[in-house]
Amino acid sequence: AEARSMESLEKQLICPICLEMFTKPVVILPCQHNLCRKCANDVFQASNPLWQSRGSSAVPSGGRFRCPSCRHEVVLDRHGVYGLQRNLLVENIIDIYKQESARPLHAKAEQHLMCEEHEDERINIYCLRCEVPTCSLCKVFGAHKDCEVAPLPAVYQRQKSELSDGIAMLVAGNDRIQAIITQMEEICHTIEENGRRQKQHLGLRFDTLCSILEERKKELLQSIAQEQETKVQRVRGLIRQYGDHLEASSKLVESAIHAMEEPQMAVYLQVSMDRAPRLLLPCRITDMSKVSMSSRPEPGYENMDHFSINVDYVAEMLRTIEFQTGA
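Parameters and conventions
- Sequence positions are assigned chain by chain, starting from 1 and proceeding in written order.
- Restriction of local features to residues with pLDDT of at least 70 applies here, the model being predicted, together with a cutoff of 80 or more for giving and counting side-chain atom pairs; totals for whole chains, interfaces and linings are based on all residues.
- The basis for the side-chain values is all heavy atoms of the structure; hydrogens and waters are excluded.
- The helix and strand labels rest on DSSP assignments: H or I over at least four residues marks a helix, E over at least two residues marks a strand, and numbering proceeds from the N terminus.
- Residue burial is assigned from relative accessible area. The probe radius is 1.4 Å, only protein chains are included, and a residue is buried under 20% of its type maximum, exposed over 50%, and partly exposed in between.
- In what follows, residue pairs with any heavy atoms lying within 4.5 Å of each other are defined as contacts.
- Per-residue and other accessible areas follow the Shrake-Rupley method at a 1.4 Å probe size, with only the shown protein chains counted as cover for residues.
- Strand pairing follows a simple DSSP-based rule, namely that at least 2 bridges must link the two strands.
- Every axis in this analysis is a line fitted to C-alpha atoms, fitted for helices over the stretch in contact. Angles between the N-to-C directions lie between 0 and 180 degrees.
- Residues belong to a common nonpolar core when they are buried Ala, Val, Leu, Ile, Met, Phe, Trp, Tyr or Cys residues joined through side-chain atoms within 4.5 Å.
- A patch consists of residues exposed above 30% relative accessible area that lack any salt bridge, with like charges linked at up to 9 Å and nonpolar side chains (Val, Leu, Ile, Met, Phe, Trp, Tyr) linked at up to 5 Å.
- Every case where a carboxyl oxygen of Asp or Glu lies within 4 Å of a side-chain nitrogen of Lys or Arg is listed as a salt bridge.
- The rule is short: rings of Phe, Tyr and Trp, with Trp giving its six-membered ring, pair when the centres are within 6.5 Å, and they are stacked under 30 degrees, edge-to-face over 60, tilted in between.
- A ring is considered to have a charge above it if a Lys NZ or an Arg CZ atom is located within 6 Å of its centre and within 35 degrees of its normal.
- Cysteine sulfur atoms that come within 2.5 Å of each other are treated as a disulfide pair.

**Quick look at the overall build of the chain**
Moving on, step 1. The helix and strand tally for the chain stands at 8 helices and 7 strands.
Moving on, step 2. Across the 327 residues in the chain, those meeting the buried criterion constitute 21%.
Moving on, step 3. Considering only contacts within the chain whose residues lie at least 6 apart along the sequence, 50% involve residues at least 24 apart.
Moving on, step 4. Split by element, the accessible area of the chain, about 24,600 Å² in all, is 56% carbon and sulfur.

**Description of the sheet that holds strand 5 (residues 125-127)**
Moving on, step 1. Taken together, 3 strands build an open sheet; the order of strands is 6-5-7 and the sheet is antiparallel. The open sheet has two edge strands with one neighbour each: strand 6 (132-134) and strand 7 (149-151). For this sheet, the mean angle separating the axes of adjacent strands, direction not counted, is 35°.
Moving on, step 2. Two elements, strand 5 and strand 6, share 3 bridges in a ladder whose sense is antiparallel. Note on strand 6: the bridge partner recorded for Cys-127 is Val-132.
Moving on, step 3. Running at roughly 85° to strand 7, helix 5 (residues 152-260) makes contact with strand 5, strand 6 and strand 7 of the sheet.

**Here we look at the pairing of strand 2 (residues 33-36)**
Moving on, step 1. With 4 bridges joining them, strand 1 (residues 25-28) and strand 2 adopt antiparallel strand pairing. Its bridge partner lying in strand 2, Ile-28 is registered against His-33.
Moving on, step 2. Here strand 1 folds back onto strand 2, and the loop between the two strands holds 4 residues, one of which, Gln-32, carries a positive phi near 70°.

**Regarding the nonpolar core**
Moving on, step 1. Core analysis: the largest hydrophobic core is formed by 26 residues, its most contacted members being Cys-15, Ile-17 and Leu-76.
Moving on, step 2. Elements with a contribution of two residues or more to this core: strand 1, strand 2, helix 2 (37-47), strand 4 (73-76), helix 3 (88-102) and helix 5.
Moving on, step 3. Among the elements that make up this core, the one with the highest residue count is helix 2 (4 residues).
Moving on, step 4. Setting aside anything within four residues of it in sequence, one finds Cys-15 in contact with Glu-20, Phe-22, Leu-35, Cys-36 and Cys-39.

**Considering a nonpolar patch on the surface**
Moving on, step 1. On the surface, Leu-202, Phe-206, Leu-209, Ile-212, Leu-213, Leu-318, Ile-321 and Phe-323 cluster together into a nonpolar patch covering about 740 Å² of accessible area.
Moving on, step 2. Examining the composition of the nonpolar patch, we find that 5 residues originate from one element, helix 5, more than from any other.
Moving on, step 3. With respect to the helices and strands, Phe-206 occurs in helix 5.

**Comments concerning the pattern of salt bridges**
Moving on, step 1. In the structure shown here, the tally under the stated rule is 10 salt bridges.
Moving on, step 2. Across the salt bridge formed by Asp-42 and Lys-38, the nearest N and O atoms sit 3.1 Å from each other. Linking Asp-42 with Lys-38, this pair stays in helix 2, spanning 4 residues, or about one helical turn.
Moving on, step 3. Classification of Asp-42 by relative accessible area gives partly exposed; the value is 35%.
Moving on, step 4. Close ionic contact of Arg-64 with Glu-73 constitutes a salt bridge, the shortest N to O distance being 3.4 Å.
Moving on, step 5. On the basis of relative accessible area, Arg-64 is assigned to the partly exposed category, the value being 43%.

**Observations regarding the packing of aromatic side chains**
Moving on, step 1. Under the defined criterion, the tally for this structure stands at 1 aromatic pair.
Moving on, step 2. On the numbers, 6.0 Å between centres and 70° between planes, the contact of Phe-44 with Phe-65 is edge-to-face. Of this pair, Phe-44 sits in helix 2 while Phe-65 sits in strand 3 (residues 63-66), placing them 21 residues apart in sequence. A single burial state applies to Phe-44 and to Phe-65, both of which are buried.
Moving on, step 3. The positively charged end of Lys-231 is found above the aromatic ring belonging to Tyr-301, 5.1 Å away from the centroid.
Moving on, step 4. It is Arg-234 that lies over the ring of Tyr-301; its NZ or CZ is 4.7 Å from the centre.

**Some thoughts on the state of the cysteines**
Moving on, step 1. Per the counting criterion, the structure on display carries 0 disulfides.
Moving on, step 2. Not engaged in a disulfide, the cysteine Cys-130 finds its nearest cysteine sulfur in Cys-127; these two sulfurs lie 3.7 Å apart.

Structure below.
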């Protein structure tokens, strides 16, 4: 049980980058996950290639990267990783763990894999040709006697270092991809904002054109209305004039008919005559019949076709409205 507890504790003290026990652990704010300072600096440098290293004469501007454990974005100031707080508690726990592990009574027995061909032999070498771990007897007498081998710890450390470098590269690559995604999201937002603004500008331009058309339409309609009113007033004046003449003529005809019905000559003459010679009824009829009827509108006076307009060229011009290229 004590061995399992130590093993569980060891898992909590492993850096997610190098897969080794923490060395000078730091706290990644604000997510509180731990990394070796060197591993954190490697990830930070990979995510911020233009960031100037510590000790440079120029003042660095800071940068950001993502925690490999939770992907939370960590923003650093100009001090970079060296501005992060060291996790002294984790360091103390590691020191205690190392002391306990060094004690014989509490030392964890190393788990050794045994060779399947030679049951009493531990697997302690690595066949480079077959890429499998094996034992010394397999190299001397067995299936790998003609193969090139290397010590298992050396291969283990090399592959683990390669894996750690690969993890760091993946983490840095993921950060770069995330930065590209964020940049593209910002581009999408900018496109939507620019599109909204241009739609608004386009609407204003067409509203202005519509206002000009409406104003010009009102002016032309006013011109038609003015001439229409002038012509109608003139014709109605002539109608009134001829109406008055018709009424007077009708009354004169009525008087003449009444005089014609008089049987007595003296009375007839008295009715048809007046003091002034020109006011005799026959004279009045003659004057009435001689009234000029020439005051009437000239032919085509009612025509309003001169107010016709041709908007075909304007319509064609409107259809050719396009966005300015190279503006």
